[in-house]
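So the chains spell out like this:
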Amino acid sequence: MRVLALDYGAARTGVAVSDASGTLARPVGVVRKAATEAGLGELARLVAEHEAEVVLVGLPLTLRGEHGKQAAETEAFVEELRALLSVPVETADERFTTALAQRFGGNAPEDAVAAAHLLQGWLDRKART
């Protein structure tokens, strides 16, 4: 199962995708202003291009695991995606993905690397269940 993951931000949204087997995640790039009409259109194009069967969006919970302002903004974005896309849109706790991206980056944009960390963790948890 191919999954497209998003590390949502109002200015930049990191994008990552899994391989067809749903085993490995890799960063794809960044979509600017993803909640705008143009940004949502670009995300829909990426879902189709990568033949994603699920979209995973990182939910920025507080360190205590609570929903703050950023999580509420992300949940509104998720609802827009659900209305637009024909594939399921899920959320997952994204705490520490940006820190991991900063520490173990690479050549891809930091937001895309954070999305890849989010996706790899999600894929690993799915494989164990």
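Below, the structure is looked at part by part. (Residues numbered from 1 in each chain as written. Predicted model: local features only at pLDDT ≥ 70, side-chain atom pairs only at ≥ 80, totals over all residues. Heavy atoms only, no water.)

### Points about the overall build of the chain
- The helix and strand inventory of the chain stands at four helices and five strands.
- Ordering the α and β elements of the chain from the N terminus gives β-β-β-α-β-α-β-α-α.
- For the chain, with 129 residues in total, the buried portion stands at 43%.
- Within the chain, residue pairs in contact and separated by at least 24 positions form 61% of the contacts whose partners lie at least 6 positions apart.
- Per element, the accessible surface of the chain, about 7000 Å² overall, is 51% carbon and sulfur. (Helix = DSSP H or I, 4+ residues; strand = E, 2+ residues; numbered from the N terminus. Buried < 20%, exposed > 50% of the residue type's maximum accessible area, 1.4 Å probe, protein only. Contact = heavy atoms within 4.5 Å. Areas by Shrake-Rupley, 256 points an atom, 1.4 Å probe, with all protein chains shown as cover.)

### Observations regarding the packing of helix α1 (residues 37-49) against helix α2 (residues 69-84)
- Here α1 crosses α2 at 55°, and the two axes come no closer than 11 Å. Relative to α2, the element α1 is oriented oblique. Judged by the sense of rotation from one axis to the other, the crossing of α1 with α2 is right-handed. Side by side, α1 and α2 meet where L40, L43 and A44 of the first sit next to F77, E80, L81 and L84 of the second. (Axes fitted to C-alpha atoms, helices over the stretch in contact; angles between N-to-C directions. Parallel < 35°, antiparallel > 145°, perpendicular 65-115°, else oblique. Left-handed = near helix turned anticlockwise from the far one by under 90°.)

### Quick look at the pattern of salt bridges
- Tallying each qualifying case throughout the model produces four salt bridges.
- In this structure, D111 engages R12 in a salt bridge whose closest nitrogen and oxygen atoms are separated by 2.7 Å. You can see D111 sitting in helix α4 (residues 110-128) and its partner R12 sitting in strand β2 (residues 12-18), a full 99 residues away along the chain.
- Residue classification places D111 among the buried positions, given a relative accessible area of 15%.
- Between R45 and E49 there is a salt bridge; the shortest N-O distance is 2.4 Å. Here R45 pairs with E49, and both are found in helix α1, just four residues apart, close to one helical turn.
- You can call R45 partly exposed: its relative accessible area is 39%.
- Sharing partners across several salt bridges, the network here consists of E42, R45 and E49. (Salt bridge = Lys/Arg side-chain N within 4 Å of Asp/Glu carboxyl O.)

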